Amino acid sequence: MLTILIAFVLIGLINLCYYLGFFKFALASVENPPAYKNLPVSVIICAKNEAENLRNFLPIILSQDHPDFEVVVINDASADETLEVLEDFQSRDSRVKIVDVQNNEAFWANKKYALTLGIKKAKKPYLLFTDADCRPETSQWLQEMSAHFEDQKSIVLGYGGYLINTRSILNKLIRFETLFTAIQYFSYASWGKPYMGVGRNLAYTSEEFFAQNGFATHLHVKAGDDDLFVNRAANRSNTALCFTPTAITRSVPKADFKSWFTQKRRHVSIASHYKKEHQFILGLFYTSQLLFWILFFALLFTSFWQVSLIFLAIRWIVQGTVIYNSGKKFGETDLFWVFPFLELFLIWAQLAIFIANLVSKPTHWK
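Just so it is clear, the structure is predicted and the values come from calculations on it, not from any experiment.

J.: Explain the pairing of strand β2 (residues 69-76) to me, using residue names and the numbers behind them.
T.: Burial analysis of β2 places eight of its eight residues in the buried class, the great majority of the element. Burial of β2 is two-sided: the residues Phe69, Val71, Val73 and Asn75 facing one way and the residues Glu70, Val72, Ile74 and Asp76 facing the other way are all buried. Sheet topology note: the strand β1 (residues 41-47)/β2 ladder contains seven bridges and is parallel. Directly across from valine 41, in β2, lies its bridge partner phenylalanine 69. Between the parallel pair β1 and β2, the chain is carried across by helix α2 (residues 51-62), and the sense of this crossover is right-handed. Where β2 lies against strand β3 (residues 96-101), six bridges are found, and the strand directions are parallel. The partner of valine 73 across the bridge, within β3, is isoleucine 98. With respect to chirality, the unit in which β2 leads through helix α3 (residues 82-92) into the neighbouring parallel β3 is right-handed.

J.: Explain the packing of aromatic side chains residue by residue, including any values.
T.: Tallied over the full model, the rule gives 43 aromatic pairs. Both rings, one in phenylalanine 215 and one in phenylalanine 229, keep their centres 6.1 Å apart while their planes meet at 80 degrees; by these two values the pair is edge-to-face. Residue phenylalanine 215 is located in the loop between α7 (206-211) and α8 (227-233), and its partner phenylalanine 229 is located in helix α8; the two are separated by 14 residues in the primary sequence. Like phenylalanine 229, phenylalanine 215 is buried.

J.: Before we move on, can you summarise helix α9 (residues 257-269) with the specific residues and values?
T.: Here α9 contains 13 residues, and its C-alpha end-to-end distance of 18 Å stays within 8% of the 18 Å for a straight helix at 1.5 Å per residue. N-cap assignment for α9: the residue whose side-chain oxygen lies 3.3 Å from the backbone N of lysine 258 is aspartate 256.

J.: Lay out the state of the cysteines with the relevant residues and their values.
T.: By definition, a disulfide links the sulfur atoms of two cysteine residues through a covalent bond. Enumeration over the complete set of coordinates arrives at zero disulfides. Summary of cysteine pairing: cysteine 134 is not part of a disulfide, and the nearest cysteine sulfur, belonging to cysteine 46, is at 13 Å.

J.: Explain a nonpolar patch on the surface to me, using residue names and the numbers behind them.
T.: On the surface, a cluster of nonpolar side chains totalling about 380 Å² of accessible area is made up of Leu2, Ile6, Leu10 and Leu13. Looking at where isoleucine 6 falls in the secondary structure, it is placed in helix α1 (residues 2-26).

J.: Go over the nonpolar core with me, naming the residues and quoting the values.
T.: If you look at the biggest cluster of nonpolar residues, it comprises 77 residues, and the most contacted ones within it are Phe186, Tyr204 and Phe330. Examining the composition of this core, we find that 12 residues originate from one element, helix α6 (residues 169-190), more than from any other. Not counting chain neighbours up to four residues away, the residues in contact with phenylalanine 186 comprise Phe25, Leu157, Gly158, Tyr159, Leu241, Cys242, Phe243 and Phe330. Ranked by size, the runner-up nonpolar core spans 29 residues in total, among them Ile45, Leu58, Val71 and Trp141.

J.: Give a detailed account of the sheet that holds strand β5 (residues 134-136), specifying residues and quantitative values.
T.: Spatial strand order, β5-β10-β7: three strands in an open sheet with mixed pairing. Unpaired on one side and paired on the other, β5 and β7 (160-162) mark the two borders of the sheet. Strand-to-strand, the axes of this sheet are offset by a mean angle of 35 degrees, without reference to chain direction. Taken together, the three bridges between β7 and strand β10 (residues 249-251) define a ladder with parallel strand orientation. By the bridge assignment for β10, glycine 160 is matched with threonine 249.

J.: Explain the environment of isoleucine 45 to me, and be specific about the residues and the numbers.
T.: Structurally, isoleucine 45 can be placed in strand β1. Residues isoleucine 45 and leucine 58, 13 residues apart in the sequence, show an inter-C-alpha distance of 9.7 Å. With near-sequence residues (within four places) excluded, isoleucine 45 lies in contact with Leu58, Val71, Val72, Val73, Ile74, Thr130, Asp131 and Ala132.

J.: Before we move on, could you go through the sheet that holds β2 and cite the residues and values that matter?
T.: As summarised here, the arrangement of the seven strands in space is β3-β2-β1-β4-β8-β6-β9, forming an open sheet in which the pairing is mixed. Strands at the two margins of the open sheet, each flanked by one partner only, are β3 and β9 (239-241). Strand-to-strand twist in this sheet, taken as the mean axis angle between neighbours without regard to direction, amounts to 20 degrees. Looking at chain direction, strand β6 (residues 155-157) and strand β8 (residues 202-205) are connected through three bridges and run antiparallel. The residue of β8 that forms the bridge with leucine 157 is leucine 202. Packing of α3 onto the sheet brings it into contact with β1, β2 and β3, and relative to β3 it is tilted by some 155 degrees.

Parameters and conventions
- Residues numbered from 1 in each chain as written.
- Predicted model: local features only at pLDDT ≥ 70, side-chain atom pairs only at ≥ 80, totals over all residues.
- Heavy atoms only, no water.
- Buried < 20%, exposed > 50% of the residue type's maximum accessible area, 1.4 Å probe, protein only.
- Helix = DSSP H or I, 4+ residues; strand = E, 2+ residues; numbered from the N terminus.
- Pairing = 2+ DSSP bridges.
- Right-handed = clockwise from strand over helix to strand, strands pointing away.
- Phe/Tyr/Trp six-rings, centres within 6.5 Å; stacked < 30°, edge-to-face > 60°.
- Expected span 1.5 Å × (residues − 1).
- Polar contact = N/O pair within 3.5 Å; in protein donor to acceptor, adjacent residues only side chain to side chain.
- Disulfide = S-S within 2.5 Å.
- Patch = residues over 30% accessible without salt bridge, like charges linked within 9 Å, V, L, I, M, F, W, Y side chains within 5 Å.
- Areas by Shrake-Rupley, 256 points an atom, 1.4 Å probe, with all protein chains shown as cover.
- Salt bridge = Lys/Arg side-chain N within 4 Å of Asp/Glu carboxyl O.
- Core = buried A, V, L, I, M, F, W, Y, C linked by side-chain atoms within 4.5 Å.
- Contact = heavy atoms within 4.5 Å.
- Axes fitted to C-alpha atoms, helices over the stretch in contact; angles between N-to-C directions.

Structure follows, in structure tokens:
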């Protein structure tokens, strides 16, 4: 039993070190936004069977308070009325540009191929990416994100959350996983080790895109147009963070656990293509979480149960501080009150996703 206790303390300390490292971002004050530069921006949206979402959310994109932008929407071989909806918008607003992509044998169901065509269509040098089911929180979203481009900053990481339904446990789980992921990628970027971004709210220059040869190094991977590009291109000097409340986007969350599980399988499958350094850092953190709880429950039935409870209390104080302060930045503070339950559920869900991906890999982006 002493061996289990020693292992528990060591694993717990490793886990605590990560959370203490997250303090840099969690406790950072939200700075006043940079002066607006009115940079010429192309908003890029890849849409597949998104007719209804485009009707609801494209008007919000077009109402952004910015003098110089266009919206390039890629219809990725949709089977619904997506193209007709886009043509109607284009007839009423010249800022809407359409790229109509048909499936072909070489690039079947490949979002990166569709996005590449959209990026080539874009006339503005600053690219801001979001999804068809995304809604900017304010009319300043475009200005806030683009204001972070500077001489050396060619990539801007933003927060893409989900619409809130306080009565849904699944909604809380989805938002907690999203918040927890954001805590990590914002924290690592603040350490000078950016490793991912989310396509719901991500910006980079067309110059950076072509300097990286686009998605060429991972075109064979069906997903990962956002995080794999950032993983390859981002570094300490060229990456900016934008986490002001007015720069948040929110998406429509999955309505059932099966759909969310399938979506997360696709996202998790991309991690094996990250740089080895990032794989190690992320893998060690998840392993320390999983082992912490396994060893904790094992010690509860021994004479060391009091030690395990004290260590858990310390961990919850540190972890809660990180989650609450990060949640305040993104309007997710309601998650703080149930985070122990959500963390446990998420850890085991991620283990199930990892096992499922060992059996078979997801093959389509949507």
